[in-house]
Amino acid sequence: MVERKLQLAGVDVVQLLGFNDANLQMIEERFDATITVRGDQIMLRGSPIETAKIEKIFKELIYILNKNGNLTPNDVDTVIDLVTVNGSSPEVPKEVPGDDSDYSILYTRIGVIKARTAGQKGYIQQVKKNDIVFAIGPAGTGKTYLAVALAVAALKNRDVTKIMLARPAVEAGESLGFLPGDLREKVDPYLRPLYDALDDMLSAEKLKSYMEKRIIEIVPLAYMRGRTLHNAFVILDEAQNATAMQMKMFLTRLGAHSRAIITGDITQIDLPQKTVSGLVQIQEVLKSVQGVSFAYLDASDVVRHRLVKDIINAYERFQNGSGGEAKRPEENTP
C-alpha cells in the first residue's frame, strides 16, 4: 500500500468532484483505493498501480476543467476509460518512453493539442522518425486532427513552407453531379472536416491569409495530379476511398524536403464493390520501404464520446459473427 497527495490549489474543487461528489463516486467505483478530499488536497491510498492511475485521472480532469470551465459526466467517464484501457492492456505499454511534453504538438487558443493515448503517442513517434506515415484506424481516434496539428506545427516552426490537405470526393450514395452550386460549392462539403480542424488551430485572420497566399491548400484528391510539392507537409485524409492509382499518384507528388501523412479507416470503404482501395493495397506494396511507416490505432484510442468506442466494438462483433456481412477480402487488416 502507498499514499499519494495531489494538491488542488487554484482548482474549483466543487466542479472537479461534481454535484454531490458524483464525479468522485464514478472514480471510486472503478478502483480499489481510498480517496479522501481535505480542503485543497486529495489523499490517495492503495496499490502503487491503482493510485498512479487515479492521480493521472485527476490531473487530466483538472486540465479539462481549466480549459473548458466545466466537467461533464461524459468527460469523467471518457478519461477513466482511457486511463484504464491504456494502463492495463497487455498489448499496449502503460507509458510510451519519454516525457509527456514530447507528445504536445501545438499550443492554440483552445489549449494544447497533444497525444492522449498510447496509440496516439506511437503515431506521433512514427511521424517524427519517418517522412511518410500511414495512420489507419476507426473513427474518433484522432488520425486526421493530429495530422493537421502536426502540419500546422511544422509550418509555424518553418520546417515546411506549405501545407496541402486532400480528400477523395467519394461518399456512399452521393455524386458530385447531383450536388447544387459551382465546382467549389460541390466539393466543399467533402473537405469540411479539414476546415474544421484548421479553425481550431489558427485564427480566422491567419487562416484566411494562409489560404489566400496558397500557403495552405485544401483540395479534392483529383486536383493533385501533375503537381510536385517541395518543402510541403501533405495530408491525404479518408484514404480508404482512394483507388490504387490515385494512391500512387498522390505519393509521387512529394518533392524535396516534403513529408506526408495518409489517414483512413479500411472498415469504411465507399468505393464501388470491385474497386481495390489504395489504402488496403499500399500496406503490402510499401511494407518493406525505409522511411515509410504504418501506425495502427484501435478502439482503445477513441477520444470522442464514450459510446463511439462501444459502437466500433459492436460493429466488429457483428461483422465477425455469423449474422454479419462477410468482409471484402481487401478490408482485412494485417
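Coordinates for the structure precede this section.
Sequence order sets the numbering: in each chain, residues are counted from 1 along the sequence as written. This being a predicted model, a pLDDT of at least 70 is required before a residue's local features are given, and a value of 80 or more before pairs of side-chain atoms are given or counted; all residues contribute to the totals for chains, interfaces and linings. With hydrogens and water stripped out, all remaining heavy atoms of the structure feed into the side-chain values.

### Structural notes on the overall build of the protein chain
- Put simply, DSSP H or I for four residues or longer makes a helix, DSSP E for two residues or longer makes a strand, and each gets a number counted from the N terminus. From N to C terminus, the protein chain includes eleven helices and eleven strands.
- Think of it in three bands: with a 1.4 Å probe and only protein chains considered, a residue is buried below 20% of the maximum accessible area for its type, exposed above 50%, and partly exposed in between. For the protein chain, the residues scored as buried account for 48% of the 334 residues in total.
- Whether two residues are in contact is decided by their heavy atoms: any pair within 4.5 Å suffices. For the protein chain, contacts bridging at least 24 residues in sequence account for 71% of all contacts bridging at least 6.
- Residue exposure ignores everything except the shown protein chains as possible cover, and the areas themselves are Shrake-Rupley values with a 1.4 Å probe. Accessible surface, the protein chain as shown: approximately 17300 Å² in total, 51% of it carbon and sulfur.

### Section: the nonpolar core
- Nine residue types can take part in a nonpolar core, namely buried Ala, Val, Leu, Ile, Met, Phe, Trp, Tyr and Cys, and a core is a set of them joined through side-chain atoms within 4.5 Å. Among the nonpolar cores identified, the biggest contains 39 residues, and Tyr123, Val148, Leu165, Leu198 and Ile216 are the most heavily contacted of them.
- Element by element, the count of residues in this core is highest for helix 6 (residues 143-156), at ten residues.
- If near-sequence neighbours (up to four positions away) are discounted, Ile216 is found in contact with Leu155, Ile163, Leu165, Leu198, Leu202, Leu207, Tyr210 and Met211.

### Structural notes on the sheet that holds strand 6 (residues 132-136)
- Pairing between two strands is assigned when DSSP locates at least 2 bridges connecting them. Strand order in the open sheet formed by six strands is 8-7-9-10-6-11, and the pairing between neighbours is parallel. In this open sheet, the two edge strands, each paired with only one partner strand, are strand 8 (216-220) and strand 11 (292-296). Adjacent strand axes in the sheet meet at a mean angle of 15 degrees, parallel and antiparallel pairs treated alike.
- With five bridges connecting them, strand 6 and strand 11 associate as parallel partners. Only the stretch in contact is used when fitting a helix axis, every axis being a line fitted to C-alpha atoms; angles between N-to-C directions are given from 0 to 180 degrees.

### A look at the pattern of salt bridges
- For this document, the term salt bridge refers to a Lys or Arg side-chain nitrogen within 4 Å of an Asp or Glu carboxyl oxygen. The full count for this structure, using the stated rule, is eleven salt bridges.
- Two residues, Glu55 and Lys59, come together in a salt bridge whose shortest N-O distance is 3.3 Å. With Glu55 and Lys59 both in helix 3 (residues 48-68) and four residues apart, this pair spans about one turn of that helix.
- A salt bridge links Glu60 to Arg116; the nearest nitrogen and oxygen atoms lie 2.3 Å apart. You can see Glu60 sitting in helix 3 and its partner Arg116 sitting in the loop between strand 5 (111-114) and helix 5 (118-129), a full 56 residues away along the chain.
- With relative accessibility at 18%, the residue Glu60 sits in the buried group.
- Taking relative accessible area as the criterion, Arg116 reaches 30% and is therefore assigned partly exposed.

### Some points on the sheet that holds strand 3 (residues 41-46)
- The antiparallel open sheet is built from three strands, whose spatial order is 1-3-2. Across the chains shown, the open sheet's two edge strands, defined by having one partner strand only, are strand 1 (2-7) and strand 2 (34-38). Neighbour-to-neighbour, the strand axes of the sheet open up by a mean angle of 20 degrees, direction not taken into account.
- By the bridge criterion, five bridges tie strand 2 to strand 3 in an arrangement that is antiparallel. Following the sheet pairing, Arg38 is matched in strand 3 by Gln41.
- Sitting on the sheet, helix 3 is in contact with strand 1, strand 2 and strand 3, with an inclination near 10 degrees to strand 1.

### A short note on the pairing of strand 7 (residues 162-167)
- Taking burial as the measure, the six residues of strand 7 include six buried ones, the bulk of the element.
- Residues Lys162, Met164 and Ala166 point to one face of strand 7 and Ile163, Leu165 and Arg167 to the other, with burial holding for every one of them.
- Where strand 7 and strand 9 (residues 232-236) come together, five bridges link them in parallel fashion. In the strand pairing of strand 9, Met164 is matched with Val234.
- Relative to strand 8, strand 7 runs parallel, the two being bridged by five bridges. Bridging from a neighbouring strand, Met164 pairs with Glu217 of strand 8.

### Section: the environment of Tyr107
- Here Tyr107 lies in strand 4 (residues 104-108).
- The class of Tyr107 is exposed, set by a relative accessible area of 63%.
- Once residues lying within four places of it in the same chain are set aside, the contact partners of Tyr107 are Val112 and Lys156.

### Details of helix 10 (residues 278-285)
- Buried within helix 10 we find Gly278, Leu279, Val280, Ile282 and Gln283.
- Residues of helix 10 that are buried make contact with strand 6, helix 9 (244-251), strand 10 (259-264) and strand 11.
- We call two N or O atoms a polar contact when they sit within 3.5 Å, provided that within protein one can donate a hydrogen and the other can accept it, with sequence-adjacent residues counted only if both atoms are side-chain atoms. Structurally, the start of helix 10 carries an N-cap: the backbone nitrogen of Leu279 is 3.2 Å from a side-chain oxygen of Ser277.

### Examining a nonpolar patch on the surface
- Within the patch definition used here, like charges are joined within 9 Å and nonpolar side chains (Val, Leu, Ile, Met, Phe, Trp, Tyr) within 5 Å, considering only residues with over 30% relative accessible area and no salt bridge. There is a patch of nonpolar side chains on the surface, built from Leu307, Ile311 and Tyr315 and spanning about 310 Å² of accessible area.
- Mapped onto the elements, Ile311 comes out in helix 11 (residues 306-320).
- The class of Ile311 is partly exposed, set by a relative accessible area of 46%.

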